[in-house]
Amino acid sequence: MSTFSWQRAVIKIGSALIAPDGRQCSGRYLLPIAQFINASREAGKEIILVSSGSVAAGRAKIPVNHVASIAEKQAMAAIGQIDMMANWQRFFDFPCAQVLLTSDDLHDRTRYVNIKNTIRELLNHQALPIVNENDTVAVKELKVGDNDNLAAYTALVAGADTLIICSDIDGLYSADPRKNPDATLIPEVEHITPDIYAIAGGAGTSVGTGGMRTKIEAADKCTRSGIQTLIVNGRNGSVFDALQEGQIPGTLFKAQQSHTTARRLWLEHTLKTRGKINVDDGAKSALVNKGASLLPSGIVEVSGHFKPGDAVEIECNGQTLAKGIALYGAKELRQIKGAKSSQINNILGYDSGEEVVHRDDLVLLKPAG
Ligand SMILES: Nc1ncnc2c1ncn2[C@@H]1O[C@H](COP(=O)(O)OP(=O)(O)O)[C@@H](O)[C@H]1O
Ligand SMILES: N[C@@H](CCC(=O)OP(=O)(O)O)C(=O)O
């Protein structure tokens, strides 16, 4: 069996686990998962949950005798979301935090930064973020559509190194085992090729939405960005003991490069910069020698028109030092440059955090020549 290590994981719990009978949320399969979450956090690891179950939980309260319309499912989700959250909270003595997202939120730069900041802050405060699709506002083109892909986007925005998809099946099989009894489990996938997509079928139960296909899509997105992805059987409690021992009791989709390398390459080569921030010698030394975040106090000059979430170059005395994602726009930075972080609120009337560019979103560049 392969082994693996991780520091920050997104764990996705599908409807098949949290609502096995499709009509209400249940704790039947959740205890070993909750114990794994507790033990991992005690070991200093960070976890973000992506949980389905709101539609099933709502269905128990507004039963309909026909195939539910989209609006009816949205109403079920709105009613059931609170039960889904409560179903998780009873396992933990730290706060669970509800995070509802749509595809639009994840593709809008400013909202993306806000989501990132919120998740970071929740983790800093030892809360457990529980993400689900915001079904009230999301229909078709606004929807991510399935929680497997939502979990992949969450792993990207949260800077996770691992995605664990818990389903009702042991992992990826050579064919849908419900239809092909001879199908065999694939323990490890080195590269996600069209052949891998070809063996992935649809959902196995009436409550599951994407089946194996959306799990492969999620693994594809993540592994390209250096996030290893696992599919495991969340109905089997021993899976979580094995995970705790660093084993992989399912299918591992290997990261195509290290998480840090993928992020550095993305920051350095893919992101287009929209402006420049000139810093003083003190800020230069903090960035280059201490690996610190950029604070407003070290900023001397701001050029260009950029918004929160845009990439910027960081310069000192005409030398480009680094590239990173600005958490404030150019207009705001011109107001707070040189100020102490504690003054941001007084100057702007709000505070999006003390960092202008967080060290996780910053890559140092080699001097030219
Ligand atoms: N190649 C495959 N290997 C494993 N499972 C598959 C495969 N193709 C289709 N499936 C189906 O995918 C189902 C899991 O997806 P889904 O029902 O959407 O669950 P979840 O609610 O956990 O997202 C399995 O129960 C299985 O029937
Ligand atoms: N937002 C929906 C999630 C639906 C969904 O993607 O379910 P699944 O295929 O089981 O992960 C809910 O909470 O019911």
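Keep in mind that this is a model prediction, so the values were computed, not measured.

### What about the domain arrangement of the chain?
- The domain boundaries assigned to the chain delineate domain 1 (8-259) and domain 2 (271-364).
- Taking only C-alpha atoms, the centre of domain 1 and the centre of domain 2 are 35 Å apart.
- With six residues of domain 1 at the interface, the matching set in domain 2 holds eight residues.
- Considering only residue class, the side of domain 1 that touches domain 2 consists of two nonpolar, three polar and one charged.

### Some details on the confidence of the model for the chain
- Per-residue confidence for the chain averages 91 on the pLDDT scale, and 95% of its residues sit at or above 70.
- In the predicted complex, the global pTM is 0.85; the interface-specific ipTM is 0.95.

### A word on the UniProt feature "domain: PUA" (unreviewed entry) in the chain
- Mapped onto this numbering, the UniProt entry gives "domain: PUA" (unreviewed entry) at residues 275-357.
- Taken as a whole, residues 275-357 contains 27% helix and 29% strand, while its terminal C-alpha atoms sit 13 Å from one another.

### Remarks on the packing of helix H7 (residues 147-158) against helix H9 (residues 211-224)
- For the pair H7 and H9, the least separation of the axes is 8 Å and the interaxial angle reads 15°. Considered as vectors, H7 and H9 are oriented roughly parallel to each other. The hand of the H7/H9 crossing is right-handed. Of H9, the residues touching H7 (which contributes Asp148, Asn149, Ala151, Ala152 and Ala155) are Thr214, Lys215, Glu217, Ala218, Lys221 and Cys222.
- Residues belonging to the contact of H7 with H9 are distributed by class as follows: five nonpolar, two polar and four charged.

### So, the sheet that holds strand S3 (residues 96-101)
- Overall, mixed pairing links the eight strands, which are arranged S3-S4-S2-S1-S5-S7-S8-S6 in an open sheet. The open sheet has two edge strands with one neighbour each: S3 and strand S6 (188-189).
- Direction of pairing for strand S5 (residues 162-167) relative to strand S7 (residues 228-233): parallel, over a ladder of six bridges. Looking at the pairing, leucine 163 lines up with threonine 229 of S7.
- In this fold helix H4 (residues 70-89) packs onto strand S2 (46-51), S3 and strand S4 (128-133), with an angle of close to 145° to the strand it touches most, S3.
- Across the sheet, H9 touches S5, S7 and strand S8 (250-253), and the angle it forms with S7 is around 150°.

About the cut-offs
Residues numbered from 1 in each chain as written. Chains lettered and ligands numbered in written order. Predicted model: local features only at pLDDT ≥ 70, side-chain atom pairs only at ≥ 80, totals over all residues. Domains from an automatic or database assignment. Contact = placed C-beta atoms within 7 Å. Nonpolar A, V, L, I, M, F, W, Y, C, P; charged D, E, K, R; others polar. pLDDT = per-residue confidence, 0-100. UniProt positions renumbered as here; feature names shortened; annotations may be inferred. Helix = DSSP H or I, 4+ residues; strand = E, 2+ residues; numbered from the N terminus. Axes fitted to C-alpha atoms, helices over the stretch in contact; angles between N-to-C directions. Parallel < 35°, antiparallel > 145°, perpendicular 65-115°, else oblique. Left-handed = near helix turned anticlockwise from the far one by under 90°. Pairing = 2+ DSSP bridges.

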